[in-house]
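Observations on the model geometry
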Amino acid sequence: MKLLYLSRADVEALDVSMGQVIDAVEAGFKLKGEGKTQMPPKTAIHPRGDGTFLHAMPAYIGGDMDLATLKWVGGADDNHKLGLPTISGLIVVNDPDTMFPLAIMDCIWVTAMRTGAANAVAMKYLGPPDAQQVAVLGCGVQGRSNLVAMAAHYPNIKRCRAWDPNADALSKYVGEMGERVGFEVEPVDSPESAVRGSDVIVTAGLSPRDPEPYIPFEWLEPGAMAAPVDYNGSWMQDALQGVDKLVVDDHAQMDYYRNKGYFANTPRPCADLGEVVAGLKPGRERDDEITMSMCMGIAVDDCVTAGILYKAARERAVGTELPL
Ligand SMILES: NC(=O)c1ccc[n+]([C@@H]2O[C@H](COP(=O)([O-])OP(=O)(O)OC[C@H]3O[C@@H](n4cnc5c(N)ncnc54)[C@H](O)[C@@H]3O)[C@@H](O)[C@H]2O)c1
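Quantities reported herein were computed from a predicted structural model and do not represent experimental measurements.

Here's the deal with the packing of helix 3 (residues 108-126) against helix 10 (residues 299-316)
Running from N to C, helix 3 and helix 10 cross one another at 120°; their axes reach a closest spacing of 9 Å. With respect to helix 10, the axis of helix 3 lies oblique. Of the two elements, helix 3 crosses helix 10, and the hand of that crossing is right-handed. Together, W109, V110, T111, R114 and A118 of helix 3 and D301, D302, T305 and L309 of helix 10 make up the contact between the two elements.

Examining the nonpolar core
Core analysis: the biggest nonpolar cluster contains 74 residues, and M105, L147, M150, V185 and L273 have the highest contact counts within it. When residues are assigned to domains, this core turns out to be shared by domain 1 (2-110 + 300-323) and domain 2 (116-297), each giving three or more. If sequence neighbours within four positions are ignored, L273 has contacts with F29, A118, V121, A122, L126, V247, V248, D249 and C295.

Examining the environment of L90
Within the secondary structure, L90 sits in strand 6 (residues 87-94). Put simply, L90 and L6 are 84 residues apart on the chain and 9.7 Å apart in space, counted from C-alpha to C-alpha. Residue contacts for L90: discarding those within four places in its chain leaves L70, K71, W72, I104, M105, D106 and C107.

Concerning the pattern of salt bridges
The tally for this structure, following the rule as stated, stands at 24 salt bridges. The salt bridge partner of E34 is K30, with a shortest N-O separation of 2.8 Å. Its relative accessible area of 35% is what places E34 among the partly exposed residues. Since its relative accessible area comes to 39%, K30 is described here as partly exposed. The salt bridge partner of K36 is E34, with a shortest N-O separation of 3.3 Å. Put simply, K30, E34 and K36 are held in one network by salt bridges that share partners.

Focus on the state of the cysteines
One way to say it: the disulfide is the covalent bond shared by the sulfur atoms of two cysteines. Across all of its chains, the model carries zero disulfides by this definition. In this structure C107 is a free cysteine whose sulfur lies 14 Å from that of C303, the closest cysteine sulfur available. This cysteine, C139, is not joined by any disulfide, and C160 carries the nearest cysteine sulfur, 7.4 Å off.

Some thoughts on unusual backbone geometry
The phi dihedral of M99 is positive, around 75°, even though this residue is not glycine. Relative to the assigned elements, M99 resides in the loop between strand 6 and strand 7 (101-106). M99 sits in the exposed class, given a relative accessible area of 54%. Notably, Y231 is not glycine yet its phi reads approximately 55°, a positive angle.

Overview of helix 4 (residues 141-153)
Because the α-helix completes a turn every 3.6 residues, residues three or four places apart line up on one side. Look at helix 4: 19 Å from first C-alpha to last across 13 residues, which is about the 18 Å you get at 1.5 Å a residue. Turning to helix 4, its buried residues number three or more, namely Q142, G143, R144, S145, N146, L147, V148, A149 and M150.

Regarding the environment of P85
Along the chain, the position of P85 falls in the loop between strand 5 (67-76) and strand 6. Taking the C-alpha atoms as reference points, P85 and G75, ten residues apart in sequence, are found 8.5 Å from one another. Discounting chain neighbours no more than four positions away, the residues touching P85 are N79 and I108.

Remarks on the packing of aromatic side chains
The relative placement of two aromatic rings is captured by the distance of their centres and the angle of their planes. In this structure the tally under the stated criterion is seven aromatic pairs. Taking the centre distance of 5.1 Å and the plane angle of 65° together, the rings of Y231 and Y257 count as edge-to-face. Here the residue Y231 occupies a position in the loop between strand 12 (225-228) and helix 7 (237-242), and Y257 occupies one in helix 8 (residues 251-259), the gap between them amounting to 26 residues. Judged on exposure class, the residue Y231 and its partner Y257 are both buried. Between Y256 and Y257 the ring centres are 5.3 Å apart and the planes differ by 75°, which places this aromatic pair in the edge-to-face class. Grouping residues by exposure puts Y256 and Y257 together as buried. A connected cluster of aromatic rings, assembled from ring pairs, spans Y231, Y256, Y257, Y262 and F263.

Criteria and cut-off values
- Residues numbered from 1 in each chain as written.
- Predicted model: local features only at pLDDT ≥ 70, side-chain atom pairs only at ≥ 80, totals over all residues.
- Heavy atoms only, no water.
- Axes fitted to C-alpha atoms, helices over the stretch in contact; angles between N-to-C directions.
- Helix = DSSP H or I, 4+ residues; strand = E, 2+ residues; numbered from the N terminus.
- Parallel < 35°, antiparallel > 145°, perpendicular 65-115°, else oblique.
- Left-handed = near helix turned anticlockwise from the far one by under 90°.
- Contact = heavy atoms within 4.5 Å.
- Core = buried A, V, L, I, M, F, W, Y, C linked by side-chain atoms within 4.5 Å.
- Buried < 20%, exposed > 50% of the residue type's maximum accessible area, 1.4 Å probe, protein only.
- Domains from an automatic or database assignment.
- Salt bridge = Lys/Arg side-chain N within 4 Å of Asp/Glu carboxyl O.
- Disulfide = S-S within 2.5 Å.
- Expected span 1.5 Å × (residues − 1).
- Phe/Tyr/Trp six-rings, centres within 6.5 Å; stacked < 30°, edge-to-face > 60°.

Everything listed is a geometric property; what it means functionally is a separate question.
Right, here's the structure in full:
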């Protein structure tokens with residue numbers, strides 16, 4: 001028996017596009033809404049306390065996809081002091097008949113891409129139909145992949161206003177992302193300048209259990225969408241409570257975090273994204289509706305993205321075969 005090992009370089013060499021990941025993640029949410037997935041909430045250990053985690057994220061997706069995966073992902077807040085990214089880990093792909101492992105792959109690319117893609121799916125169902133001005137607050141890995149996802153979803157974006165408390169991170173982001181997305185990426189010196197007037201606002205800063213949020217409801221325009229990937233880390237209580245619709249990617253996942261003390265100031269969402277994509281609950285209903293999607297990142301997103309990579313790697317003979 002052999003399994004396929006895909007390093008980060010192998011994964012990136014497959015050159016799978018954001019558009020492909022968005023389509024797969026949308027299909028995954030639909031199957032989740034239809035009850036054709038199995039996905040227990042994350043299981044966590046914290047070897048060095050609150051600033052660190054290792055999460056086990058298993059998922060099975062039925063339907064035509066028929067995939068089983070486990071992501072074993074770690075995060076350490078102080079990694080940047082060592083010149084390392086916050087997030088690292090592996091995904092195991094299993095045969096859903098025999099349960100044998102088929103592949104192991106690096107998860108950094110998957111985690112970045114699927115999080116942006118999940119937000120793009122949320123924007124399709126909950127965002128304004130045609131965003132021209134967007135904002136990104138928190139200009140790291142997620143700030144990048146979420147802007148790429150917005151560019152893939154919204155063809156008429158004219159400008160992104162970007163803000164980060166770290167001036168170096170902001171300046172690198174502006175230089176790099178303007179070229180990548182093909183519209184203006186303008187650095188701004190305050191969160192308020194980024195948020196006011198924007199159609200869609202992604203926040204990708206810190207997500208601590210006891211956050212110090214700084215974005216009030218009054219900065220949001222009628223019809224705007226808030227799309228945090230940093231949980232409730234950036235949004236003040238009146239914003240979390242003031243939006244017309246708050247949708248989460250998975251109720252059970254949010255309950256799990258609530259039990260650990262997160263989301264103390266966050267009302268119960270009116271739907272999960274799977275229910276919206278499957279047509280069981282409404283998405284955006286009015287032009288002036290203010291919406292928020294709280295995508296915490298779920299194993300179904302990882303599973304569908306790893307599935308595309310595994311298929312592409314087999315077809316193109318990328319990766320290293322290892323004995324089991
Ligand atoms: N929802 C998901 O699926 C998912 C997946 C991965 C990461 N995350 C979360 O996304 C966030 C960003 O992760 P990343 O991998 O891009 O980290 P990163 O370290 O690459 O980037 C984080 C950026 O946020 C900036 N920042 C720090 N404090 C800030 C603040 N108060 N407001 C705005 N920006 C601030 C930092 O200067 C840095 O540039 C983290 O909160 C992480 O937990 C969510």
